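# Structural overview
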Amino acid sequence: MEININCDLGEKSKHHSTKHDPDLLKIVNSANIACGYHAGDEDTMKNTIEISKKNNVSIGAHPSFNDPDNFGRKRHNLSEKEIKKLIIDQYQILENIAAKLETKVTHIKPHGALNNMACENFDLAKVIAESIIEVNKNLIFLVPTGSEMEKAGKKLKMKVAAEIFADRNYEDDGNLVSRSKPNALITDPEVAKNHVIKMVKNQALNCFSGKQIPCDIDSVCVHGDGKSAVRTAKEIRSGLIKSGVTLRPLDNLKKFL
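Here goes a summary of the coordinates provided. (Residues numbered from 1 in each chain as written. Predicted model: local features only at pLDDT ≥ 70, side-chain atom pairs only at ≥ 80, totals over all residues. Heavy atoms only, no water.)

It is a probe the size of a water molecule, rolled over the atoms, that shows where empty space is left. Taken as a whole, the second largest pocket holds about 200 Å³ of empty space. At the level of elements, helix H3 (80-100) and strand E4 (105-108) are the ones that each hand at least two residues to the lining of the second largest pocket. A breakdown of the residues in the lining of the second largest pocket according to their chemical character gives 6 nonpolar, 3 polar and 4 charged. (1 Å grid on protein atoms, 1.4 Å probe; cavity = no way out; pocket = protein on both sides within 12 Å on 5 of 7 lines; lining within 4 Å. Points joined across faces, edges and corners; volume = space filled by probe spheres on them. Helix = DSSP H or I, 4+ residues; strand = E, 2+ residues; numbered from the N terminus. Nonpolar A, V, L, I, M, F, W, Y, C, P; charged D, E, K, R; others polar.)

In total, this model carries 16 salt bridges according to the counting rule given. The partner of Lys 109 in a salt bridge is Glu 163, with the nearest N and O atoms 3.2 Å apart. Residue Lys 109 is found in the loop between E4 and helix H4 (112-120), and its partner Glu 163 is found in strand E6 (residues 159-165); the two are separated by 54 residues along the sequence. The residues Lys 109 and Glu 163 share a single accessibility class, namely buried. Close ionic contact of Asp 218 with Lys 255 constitutes a salt bridge, the shortest N to O distance being 3.2 Å. Taken together, the positions of Asp 218 in the loop between strand E8 (212-214) and strand E9 (219-222) and Lys 255 in the segment after strand E10 (246-247) put the pair 37 residues apart, joining distant regions of the chain. (Salt bridge = Lys/Arg side-chain N within 4 Å of Asp/Glu carboxyl O. Buried < 20%, exposed > 50% of the residue type's maximum accessible area, 1.4 Å probe, protein only.)

With that settled, consider unusual backbone geometry. Within the chain, Asn 56 stands out as a residue other than glycine whose phi angle is a positive 55 degrees. By the element assignment, Asn 56 lies in the loop between helix H2 (42-54) and strand E3 (58-62). On the accessibility criterion, Asn 56 (56% relative accessible area) is exposed.

Listed in full, the buried residues belonging to H4 are Gly 112, Ala 113, Leu 114, Asn 115, Met 117 and Ala 118. At its buried positions, H4 is contacted by H3, helix H5 (122-135), strand E5 (140-144) and helix H6 (148-155). (Contact = heavy atoms within 4.5 Å.)

A separate point is the nonpolar core. If you look at the biggest cluster of nonpolar residues, it comprises 70 residues, and the most contacted ones within it are Ile 83, Ile 128, Val 200, Ile 236 and Leu 240. It is H3 that provides the largest number of residues to this core, a total of 7 residues. The contact partners of Ile 128, leaving out residues within four places of it in the chain, are Ile 83, Ile 87, Pro 110, Leu 114, Ala 118 and Phe 141. Counting residues in hydrophobic clusters, the runner-up holds 6 residues, among them Ile 140, Ala 161, Leu 250 and Phe 256. (Core = buried A, V, L, I, M, F, W, Y, C linked by side-chain atoms within 4.5 Å.)

This brings us to the packing of H2 against H3. Close contact between H2 and H3 brings their axes to 10 Å; oriented N to C, the two are set at 55 degrees. The pairing of H2 with H3 is recorded here as oblique in orientation. Between H2 and H3 lies a crossing whose hand is right-handed. Residues Glu 42, Met 45, Lys 46 and Ile 49 of H2 pack against Ile 93, Leu 94, Ile 97 and Ala 98 of H3. In terms of residue class, the contact of H2 with H3 is built from 6 nonpolar, no polar and 2 charged. (Axes fitted to C-alpha atoms, helices over the stretch in contact; angles between N-to-C directions. Parallel < 35°, antiparallel > 145°, perpendicular 65-115°, else oblique. Left-handed = near helix turned anticlockwise from the far one by under 90°.)

Have a look at this one:
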């Protein structure tokens, strides 16, 4: 079995530090890089790409609403035209930097509120998917498993990679437990590791209630913030390898070759 580990990186801002990024880039297989709209800037993009190259980590654009004050976590109702411009502009910003460093952007994963809204709304998901196809039909669309983005990407015959979250609990409907609830986050690295291995082996979500929901799982998202971020990522990587899983960058997964 093949699995990818991805992480949101290059998110330097007043809300987030990038101090763990170099260590995480020795663990993960793919990096979703902030393109300056919710976090990051040209220097962080350049630095993240350079470290990614050294570690054979594939890079992707992590586009968001243009709202650095809220770290892209506030919902905005924009027109189709505005959404398309958001996606295309941020992809091109990262792609231009990547080209200068003789590498390429291989995937796109929406960030924050934009991601959450598109998970729930097929029409918005379709606009994002069509924007990605417009700039490069070979890009991989990295989306939460079971989401409207997964449905839109598959309907448009895109390369779709479905992800699960290592440090989040799930409700019985397959949605993430709200961060407002005490059981939303998994903070113990050992618990997160076992949570991930069980989901990957069963190709099913582990709901907090114990319910299992069958789904496609191509990638595991580990988060770069938090005191135990690096330790959790290490535990998950070693646990997956010990369980017989082969880890690969997104663009090297057999389903995309």
